[in-house]
Amino acid sequence: MALTVTPLPPLSAPSPALELAPVPVSATLAANETMDDRRRRGEPVLPMAFGEAGLPAPRLLRTALARAAGYTSYGPVAGHTVLREAATLYWGRRGLPTDADAVVCGPGSKALLYALMTAIGGDVAVTQPSWVSYAAQAGLAGRTARFVPGAAGVPDAEALERVLAGAGGTGGRIRSVVVTLPDNPTGRLATPAAVAALVEVARRHGLIIISDEIYRDLVHDVRAPFLSPAEIYPERTVVTTGLSKNLALGGWRLGVARLPDGELGRELSARLLGIGSEIWSAPAGPVQQAAALAFSEPPAVSERIALSRRLHARVARAVAARFTMAGVAVPAPQAAFYLYPDFSPLAGVLRRRHAVTSDTGLADVLLRKYGVGVLPGSAFGDRAGRLRLRVATSLLYGETETERMAALNSPQPCSLPWIGGALARLEEVLADFVGFTG
Ligand SMILES: Cc1ncc(COP(=O)(O)O)c(C=O)c1O
């Protein structure tokens, strides 16, 4: 009997989800390739495209990870009890009392965010601009990301209300809204008033809030008022965080989600565990043990985070000052290692000197002419004509572990030769770029 093979459907008509996904990744990779070419030619580069925290692993956690190598079994999908309990205490210390049953761990918060979007269903409201992966993940999950203008990682409440009331009733398909506290790409922290206003809209429409608090411990001023939506809307807020940013352990791939209490939390937990069990089974066992130690915050961990905060703040501020000197508008960085400069005050100069009228054109000239790697705001859902860029400052800390540790331990990191040199180069590039004669 002849064997019949059913042909696979053609891939020539990609779904909107597949069209969305690769754009930001390729922008970063393209920037890296161009910078590598320049390095090989011995030309200077300023790598500021990639949001990697850029610091070595703390010794205490390295030791804990090595000691835990014997954790070879898959373990529970939700994570080891010791880790879930440490996470409840971590949140408890931040005004969010948490039950261990409400904690689900995963291989990075990114995987948990994707699983949450899948578990919640419906369309997802995200801030314009916001971290690249929210919209890409919504697309991959077969959902639509609805960009809502906002600031510092939180959609503007009135704008969200308008989108929810939107044309053709499509606003009614939105079931969740993502906030980022503090924010990537802007490096800003939303005010409690902006968070409270958003919560009121979410409450009126029964939306679930996903509060991505992965940079929470990197707010430069520890006294800055911080309001998590979970404090005032605990029944429908999910909080996510992880090791990647506060402790610069992105490659360890460990994230945690704090689900709401009550029926919704139980339902989301069941769905997340179902998704996790089919995709990642459980986070890596040894990493969970080390993460349990990290979330219990022994003094060495708290001191490391305090030093990181100081370094991020000093370098981000120094880089911001270089942009300001060149006439670029930069909101003062408040958290992590990001800046979001706005070149629109120089729009005329950009057009005349460089024939640049879009953020992608701007990023392209900076990369090709000067070896400065940055990302255009449109990679974060911003309007290309707004001439805004996302600048990540943490890869300026050094190329070796020794340099990065020296940066971390220095009260004046900008006077270290490699960081000072990068700042001087940036000043020179920006002066040439905008045509300052001195
Ligand atoms: C806002 C935001 N959320 C989540 C993540 C990813 O975190 P993880 O490494 O835990 O997957 C990033 C990483 O760039 C981020 O910027």
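Residues numbered from 1 in each chain as written. Predicted model: local features only at pLDDT ≥ 70, side-chain atom pairs only at ≥ 80, totals over all residues. Heavy atoms only, no water.

K.L.:
Report on the site of the ligand, specifying residues and quantitative values.
P.N.:
Taken together, 13 residues lie near the ligand, and Ser109, Asp212, Tyr215, Ser244 and Arg253 sit nearest. A distance of 2.8 Å separates an oxygen atom of the ligand from a polar side-chain atom of arginine 253. Burial of the ligand by the surrounding chains reaches 93%, relative to a free accessible area of 400 Å². A per-class count over the shell around the ligand returns 4 nonpolar, 5 polar and 4 charged. (Near = heavy atom within 4 Å. Polar contact = N/O pair within 3.5 Å; in protein donor to acceptor, adjacent residues only side chain to side chain. Areas by Shrake-Rupley, 256 points an atom, 1.4 Å probe, with all protein chains shown as cover. Nonpolar A, V, L, I, M, F, W, Y, C, P; charged D, E, K, R; others polar.)

K.L.:
Give a description of the sheet that holds strand S10 (residues 338-339) that names residues and reports values.
P.N.:
Read across the sheet, 3 strands follow the order S10-S13-S12 without closing on themselves; strand pairing throughout is antiparallel. Looking at which strands have only one partner, the edges of the open sheet turn out to be S10 and strand S12 (375-376). Of the strand pairs in this sheet, S12 and strand S13 (residues 389-392) are connected by 2 bridges, and their pairing is antiparallel. Bridging from a neighbouring strand, proline 376 pairs with leucine 389 of S13. In this fold helix H14 (residues 359-370) packs onto S12 and S13, with an angle of close to 40 degrees to the strand it touches most, S13. (Pairing = 2+ DSSP bridges. Helix = DSSP H or I, 4+ residues; strand = E, 2+ residues; numbered from the N terminus. Contact = heavy atoms within 4.5 Å. Axes fitted to C-alpha atoms, helices over the stretch in contact; angles between N-to-C directions.)

K.L.:
Give me the pattern of salt bridges: which residues, what numbers.
P.N.:
Evaluation of the coordinates by the stated rule reveals 20 salt bridges. In this structure, arginine 39 and aspartate 36 form a salt bridge, with 2.9 Å as the shortest nitrogen-oxygen distance. Of this pair, arginine 39 and aspartate 36 both sit in helix H2 (residues 22-40), separated by 3 residues, roughly a single helical turn. A residue is classified by how much of its surface remains accessible, and arginine 39, at 37% relative accessible area, is partly exposed. The salt bridge involving arginine 40 is made with aspartate 37; its shortest N-O contact spans 2.6 Å. Placement of the pair is arginine 40 and aspartate 37 together in helix H2, with a separation of 3 residues, close to one helical turn. In the salt-bridge network here, residues are joined through shared partners; they are Arg93, Arg94, Asp217 and Glu297. (Salt bridge = Lys/Arg side-chain N within 4 Å of Asp/Glu carboxyl O. Buried < 20%, exposed > 50% of the residue type's maximum accessible area, 1.4 Å probe, protein only.)

K.L.:
How would you sum up the pairing of strand S9 (residues 255-258)? Please name residues and give values.
P.N.:
In S9, alternate side chains face the same way, and those of Gly255 and Ala257 on one face and Val256 and Arg258 on the other are all buried. As paired strands, strand S2 (residues 103-106) and S9 are joined by 4 bridges and run antiparallel to one another. Residue pairing in the sheet places cysteine 105 in a bridge with valine 256 of S9. Sheet topology note: the strand S8 (residues 237-242)/S9 ladder contains 4 bridges and is antiparallel. Within the sheet, the bridge partner assigned to threonine 241 lies in S9 and is valine 256.

K.L.:
An account of helix H13 (residues 347-354) is requested, with residue identities and associated values reported.
P.N.:
Val349, Leu350 and His354 are the residues of H13 that are buried. Within H13, the buried residues cover an arc of 100 degrees as seen down the axis, which keeps them to one side. For H13, the secondary structure elements touched by its buried residues are H14 and helix H16 (417-434). Positive phi shows up at alanine 355, right after H13, with a value of about 55 degrees. (Arc of directions from axis to C-beta.)

K.L.:
Talk me through the side chain of aspartate 217; I want residue IDs and the actual numbers.
P.N.:
Residue placement: aspartate 217 occurs in the loop between strand S7 (208-212) and helix H9 (229-232). Judged by its relative accessible area of 9%, aspartate 217 is buried. In this structure aspartate 217 touches Tyr90, Arg94, Asn246, Ile305 and Arg309, once residues within four positions along its chain are discounted.

K.L.:
Got a sec to walk through unusual backbone geometry? Specific residues and values, please.
P.N.:
Geometrically, the link from glutamine 128 to proline 129 is a cis peptide bond, its omega value of 5 degrees lying close to zero. Structurally, proline 129 is set in the loop between strand S3 (123-128) and helix H6 (132-140). Omega for the bond connecting asparagine 184 with proline 185 falls within 30 degrees of zero, at 25 degrees, which places this linkage in the cis form. Assignment of secondary structure puts proline 185 in the loop between strand S6 (174-180) and helix H8 (192-205). Located in the positive-phi region is alanine 248, a residue other than glycine, with phi close to 55 degrees. Tracing the chain through its elements places alanine 248 in the loop between S8 and S9. A relative accessible area of 14% means that alanine 248 is categorised as buried. Of note, glutamate 297 is a non-glycine position whose phi angle comes to about 50 degrees, a positive value.

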